[in-house]
Amino acid sequence: SLGAHIALLRPLEIMFRYLTARFRVLPDIIVLGEVRCGTTTLCQHLSDVPGCHKPFCLWKHPELDGKETFYFVGHYLGYVAPSAYRMCFPLSVTKWWNERVLGKPFFTYDGC
């Protein structure tokens, strides 16, 4: 039902991320793979590396939240545009702050 789908969404965060999408970075790493080939494990290992920033997912999914954006599989509310993909990643100023000011590594990924 529509109510169940809306309950799985994060409406305020989605709106903020969409409005700031042009100020966001794209992923440095894209993990591609077939079903049951280890992409979730690889993404979990990547997320343990210092400087890793996980992707944002529209859906509150217990296992896949923070692993993939679901952009490439079509679960993006019927809206497929580069701006919609960009909204899943950190702001450019976050990258700048981490690398230039704090001197820390910074990268982000998306698992598919």
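Residues numbered from 1 in each chain as written. Predicted model: local features only at pLDDT ≥ 70, side-chain atom pairs only at ≥ 80, totals over all residues. Heavy atoms only, no water.

Visitor: I'd like to hear about the nonpolar core, residue by residue, with values.
Guide: Formed by 16 residues in total, the largest nonpolar core has its most connected members in Ile14, Leu58, Trp59 and Met87. Val31, Leu46, Cys52 and Phe107 belong to the second largest nonpolar core, which has six residues in total. (Core = buried A, V, L, I, M, F, W, Y, C linked by side-chain atoms within 4.5 Å. Buried < 20%, exposed > 50% of the residue type's maximum accessible area, 1.4 Å probe, protein only.)

Visitor: Which residues make up the pattern of salt bridges, and what values go with them?
Guide: Scanning the entire structure with this criterion turns up two salt bridges. The salt bridge partner of Arg17 is Glu13, with a shortest N-O separation of 3.2 Å. With Arg17 and Glu13 both in helix H2 (residues 11–19), this residue pair falls four residues apart, about one helical turn. Classification of Arg17 as buried rests on a relative accessible area of 14%. Measuring nitrogen to oxygen at the nearest pair gives 3.2 Å for the salt bridge that ties Lys67 to Glu68. Under the relative-accessibility criterion, Lys67 is labelled buried at 7%. (Salt bridge = Lys/Arg side-chain N within 4 Å of Asp/Glu carboxyl O. Helix = DSSP H or I, 4+ residues; strand = E, 2+ residues; numbered from the N terminus.)

Visitor: So what's going on with the packing of aromatic side chains? Which residues, and what values?
Guide: Using the criterion set out here, one finds three aromatic pairs in the structure. Ring geometry for Tyr71 and Tyr85: centres 4.8 Å apart, planes at 40°, overall tilted. Note that Tyr71 is positioned in the loop between strand E2 (52–53) and helix H4 (82–86) and Tyr85 in helix H4, a separation of 14 residues in sequence. Take Tyr85: its relative accessible area is 8%, and that puts it in the buried class. Taking the centre distance of 5.2 Å and the plane angle of 75° together, the rings of Tyr85 and Phe89 count as edge-to-face. (Phe/Tyr/Trp six-rings, centres within 6.5 Å; stacked < 30°, edge-to-face > 60°.)

Visitor: Outline the confidence of the model for the protein, supporting the account with residue identities and numerical values.
Guide: Within the protein, residue pLDDT values average 86, and 88% of them lie at 70 or more. Summarising per-element confidence for the protein, the mean pLDDT is lowest in helix H1 (residues 2–8) (64) and highest in helix H5 (residues 92–101) (97). (pLDDT = per-residue confidence, 0-100.)

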